[in-house]
Amino acid sequence: MFSYCSDPDTLGTFGWFSCYLSNGVHMSFYLSFVKVLLLLAITAPVALGFGFLGAMASRSRVLPLRWLGKGYIAIVRGVPDIAFFLFFVIALDQMFEWTRHQILCPDWTDPVRQGNDFLVCPQAKLPLGTSPEWMHETYGFFLAVITFALVFGAFAANVLFGAMRAVPRPQLETAEAYGMSHRQTFWRILVPQMWVYALPGLSNLWMVLIKATPLLFLLGVEDIVYWARELGGTKTSRFTSYPHGDWRMWYFLFLLVFYLGFTRISEIVLDRIMKRLTFGQATAGGEAQRKAAA
Amino acid sequence: MSCWQTIQDYGLRSIGIGERLLPKTDFTLCEQFTLIGSGMIWNIYFGVLALITGFFFASALAIGKASSNRLYRKPAEWFIFLFRGSPLFIQFFFAYFLFLNLKGVHPFFDPFTAAWLGALIVLFLNTSAYTAEIFYGALLSIPKGDVEAADAYGMSGWPRFRRIVWPTMLRLAWPAYTNEAIFLFHATTLVYFSGFPAWRQKGDALYYASYFADKTFNPFIPYPILAFYFIIFTLIIVGVFGLINNRLNRHLPGERRSKMRLRPNLIR
């Protein structure tokens with residue numbers, strides 16, 4: 001990147017590192033941090049949406065819908081999440097391809113599962129065999145987002161379900177007394193009030209979501225863990241102009257520090273939000289704030 | 001090959017007893033059940049040992065964090081923050097490469113790069129930190145009257161801690177600690193996906209499940225089997241911890257006994 005980098009062998013320690021840390025592959029490494037942040041930014045709202053649907057389903061008056069909601073929460077919570085990550089990536093991919101296969105190639109007679117293979121017609125492949133490299137990467141990332149959202153949606157559903165039940169019962173009864181329908185009560189009374197109760201659980205979930213992002217690596221996305229392993233490994237002068245020993249330990253130390261910093265910042269920000277939200281609320285936290293001010 | 005034969009061949013495969021080669025083609029349901037179940041041995045090994053050793057260290061850490069002496073409090077606080085603030089997955093990776101480097105320094109560190117010791121140490125430290133935070137919370141919520149009553153009986157120091165403070169702390173922390181145990185048990189599946197090599201394909205349950213999923217390209221059989229095993233073991237943990245909970249609360253009148261409420265298990 002810098003002009004003096006053309007011959008790294010002659011550089012001093014500082015110059016060498018400034019060149020080493022700004023070469024092309026390191027740029028991909030830094031880009032993968034953006035990927036992680038992007039995943040968080042997309043997954044969090046989508047998971048919240050799934051969670052909302054799950055919570056709505058599990059308190060529905062229709063029995064099968066209630067079973068669906070409760071089953072969704074119970075199954076995802078009872079099994080190691082990493083198993084879900086490994087499962088969903090293949091299962092979702094096959095589901096999409098199978099659906100496209102049914103629609104695009106109705107004349108196809110061979111079975112889709114042949115022994116140990118999963119074969120769909122070429123038009124149904126996702127992404128198409130002819131599509132460029134970035135399409136494949138985007139598709140992989142997209143699958144990862146859905147997987148994360150599905151798993152964390154169940155956790156969020158659990159939190160929101162609890163929050164909905166925490167809203168004082170008289171509030172809902174009052175709404176009914178005013179002649180509101182079931183739907184109106186839900187949207188106008190229950191939903192606006194539940195957030196205060198949901199926030200501690202949701203902020204906990206956010207921390208957990210941050211700490212789950214390295215699992216992207218298992219989903220085949222080229223994330224920070226992938227690059228740390230790649231870049232840290234021993235490099236000889238035959239393949240690179242920056243030969244070094246096994247530095248993977250230092251790369252992972254850097255990741256460790258990155259995550260520690262990230263969780264610390266989140267903690268501080270979430271604390272502030274909680275303080276603002278409890279302001280003036282008839283809860284213990286709000287009462288404590290009022291007393292402190294007086 | 002009968003299913004009984006398969007169980008004999010692969011039942012203890014994960015610890016290196018029985019058939020050497022894993023099945024390559026024509027996987028039967030029995031083979032998948034047996035091998036994944038055999039992998040559970042490792043999950044149980046990691047879970048139980050880390051839980052037992054972590055329990056004692058966590059008690060010490062919690063007392064350290066609640067101490068008024070900065071010399072004890074600060075290290076405990078930092079330790080807990082370090083292990084709760086970073087992903088377990090990254091901790092595994094870092095520890096593995098750290099041990100790999102140490103191995104070059106001295107052959108004493110040879111066994112640390114193997115999962116049975118290296119990963120166990122990481123799990124031990126990790127669960128200690130999480131458990132210490134739970135115990136610390138419980139320590140702070142011990143009813144003031146209990147401690148005052150102990151003082152009135154002339155207890156102090158070690159007897160007061162052993163007979164009043166510690167049992168009360170355990171009683172209050174127990175429901176949350178049950179979650180932590182389940183949680184730790186689930187976290188053991190990360191071991192073989194985080195640098196630690198599965199030597200001679202001796203892996204844990206998830207290792208074998210993903211082996212089958214890769215080979216057959218069909219995730220719909222091995223992963224539900226894995227889920228089945230884990231749900232069973234989760235229920236066993238809940239049962240055992242429930243019994244201990246009953247014992248810890250046996251002096252309380254019936255209605256005041258806290259019912260075990262199980263809260264979500266999340267990734268760390």
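Above: the structure in question.
Basis of the calculations
Residues numbered from 1 in each chain as written. Chains lettered and ligands numbered in written order. Predicted model: local features only at pLDDT ≥ 70, side-chain atom pairs only at ≥ 80, totals over all residues. Heavy atoms only, no water. Helix = DSSP H or I, 4+ residues; strand = E, 2+ residues; numbered from the N terminus. Buried < 20%, exposed > 50% of the residue type's maximum accessible area, 1.4 Å probe, protein only. Contact = heavy atoms within 4.5 Å. Areas by Shrake-Rupley, 256 points an atom, 1.4 Å probe, with all protein chains shown as cover. Lys, Arg positive; Asp, Glu negative; His and termini not counted. Charge placed at Lys NZ, Arg CZ, Asp CG, Glu CD. Salt bridge = Lys/Arg side-chain N within 4 Å of Asp/Glu carboxyl O. 1 Å grid on protein atoms, 1.4 Å probe; cavity = no way out; pocket = protein on both sides within 12 Å on 5 of 7 lines; lining within 4 Å. Points joined across faces, edges and corners; volume = space filled by probe spheres on them. Nonpolar A, V, L, I, M, F, W, Y, C, P; charged D, E, K, R; others polar. Patch = residues over 30% accessible without salt bridge, like charges linked within 9 Å, V, L, I, M, F, W, Y side chains within 5 Å. Phe/Tyr/Trp six-rings, centres within 6.5 Å; stacked < 30°, edge-to-face > 60°. Lys NZ or Arg CZ within 6 Å of the ring centre and 35° of its normal. Polar contact = N/O pair within 3.5 Å; in protein donor to acceptor, adjacent residues only side chain to side chain. Disulfide = S-S within 2.5 Å. Expected span 1.5 Å × (residues − 1).

1. Regarding the overall build of chain A
Along chain A, the regular secondary structure elements total ten helices and two strands. Its helices and strands in sequence order give chain A the pattern α-α-α-α-β-β-α-α-α-α-α-α, from N to C terminus. Scored against the burial criterion, the 294 residues of chain A give a buried share of 45%. Relative to all contacts within chain A whose residues are 6 or more apart in sequence, the contacts with residues 24 or more apart total 67%. Approximately 16,000 Å² of chain A is accessible, and the part contributed by carbon and sulfur atoms is 65%.

2. Here's the deal with the overall build of chain B
Across its full length, chain B holds nine helices and zero strands. Start at the N end of chain B and walk to the C end: the helices and strands fall as α-α-α-α-α-α-α-α-α. For chain B, the proportion of its 268 residues judged to be buried stands at 50%. Of the contacts formed within chain B by residues at least 6 apart in sequence, a portion of 75% connects residues at least 24 apart. Per element, the accessible surface of chain B, about 12,900 Å² overall, is 65% carbon and sulfur. Averaging the locations of the 25 positively and 14 negatively charged side chains of chain B gives two centres separated by 8 Å.

3. Section: the pattern of salt bridges
All names here are of chain B. Tallying each qualifying case throughout the model produces six salt bridges over all chains. Between R160 and D151 there is a salt bridge, with the nearest N and O atoms lying 2.8 Å from each other. One continuous salt-bridge network, built from bridges that share partners, spans R73, K74 and E77.

4. Notes on the layout of surface pockets
All names here are of chain A. Size it by volume and the second largest pocket reaches roughly 490 Å³. Every element with two or more residues in the lining of the second largest pocket is listed here: α2 (24-58), α5 (133-166), α6 (169-177) and α7 (182-212). In terms of residue count, α7 provides more of the lining of the second largest pocket than any other element does, six residues in total. Among the residues forming the lining of the second largest pocket, the class breakdown is nine nonpolar, three polar and six charged.

5. Quick look at a nonpolar patch on the surface
All names here are of chain B. The grouping of L29, F33, I221, F228, I232, I236, V240, L243 and I244 at the surface amounts to a nonpolar patch, some 750 Å² of accessible area in total. Of all elements in the fold, only α2 (29-66) and α9 (222-248) reach the threshold of two or more residues within the nonpolar patch. A per-element tally of the nonpolar patch places α9 first, with six residues. You can see I236 is positioned in helix α9.

6. Looking at the packing of aromatic side chains
As enumerated under the stated definition, the model contains 59 aromatic pairs over all chains in all. An aromatic cluster of three or more residues is present, and its members are F29(A), Y30(A), F33(A), Y251(A), F254(A), F258(A), Y259(A) and F262(A). Sitting over the face of the ring of Y136(B), K65(B) holds its NZ or CZ atom 4.6 Å from the ring centroid.

7. A short note on the environment of Y229(B)
Residue and element names in this part refer to chain B. Among the secondary structure elements, Y229 is positioned in helix α9. A relative accessible area of 16% means that Y229 is categorised as buried. When the C-alpha positions of Y229 and T34 are compared, they lie 11 Å apart, and in sequence the two are 195 residues distant. Those residues in contact with Y229 that lie beyond four places of it in its chain are F33, I36, G37 and M40. At 2.8 Å, the side chain of Y229 and the backbone oxygen of F33 are in polar contact.

8. Focus: the environment of F135(B)
Residue and element names in this part refer to chain B. Note on placement: F135 falls in helix α5 (residues 115-140). The exposure class assigned to F135 is buried, which follows from its relative accessible area of 0%. Linking F135 and I236, residues 101 residues apart in sequence, is a C-alpha distance of 23 Å. Each residue touching F135, except ones within four places of it in the same chain, is listed here: F55, A58, S59, A62, M169, L170, A173 and Y177.

9. Remarks on the interface of chain A and chain B
Between chain A and chain B, the contact holds 41 residues from the first and 43 residues from the second. The interface formed by chain A and chain B holds zero salt bridges in total. Elements with a minimum of two residues in the side of chain A that touches chain B: α3 (63-78), α4 (81-104), α5, α7, α8 (224-232) and α9 (248-278) of chain A. Here the element with the most residues in the side of chain A that touches chain B is α9(A); it accounts for ten residues. Tallied by class, residues from the side of chain A that touches chain B come to 27 nonpolar, six polar and eight charged.

10. Concerning the state of the cysteines
Residue and element names in this part refer to chain B. Taken as a whole and assessed by the stated rule, the structure comprises one disulfide over all chains. Linked covalently through their sulfurs, C3 and C30 form a disulfide whose S-S length is 2.1 Å. Here C3 and C30 share a disulfide; its torsion about the S-S bond, 90°, makes the bridge right-handed. Note that C3 is positioned in helix α1 (residues 3-10) and C30 in helix α2, a separation of 27 residues in sequence. Owing to a relative accessible area of 39%, C3 belongs among the partly exposed residues under this scheme. Given the relative accessible area of 16%, C30 is considered buried.

11. Let's talk about helix α4 (residues 88-105) of chain B
An ideal rise of 1.5 Å per residue puts 26 Å on 18 residues; α4(B) measures up with 26 Å between its terminal C-alpha atoms. Elements that come into contact with the buried residues of α4(B) comprise α8 and α9 of chain A together with α3 (70-85), α5 and α7 (157-187) of chain B.

On their own, these measurements won't tell you what the molecule is for.
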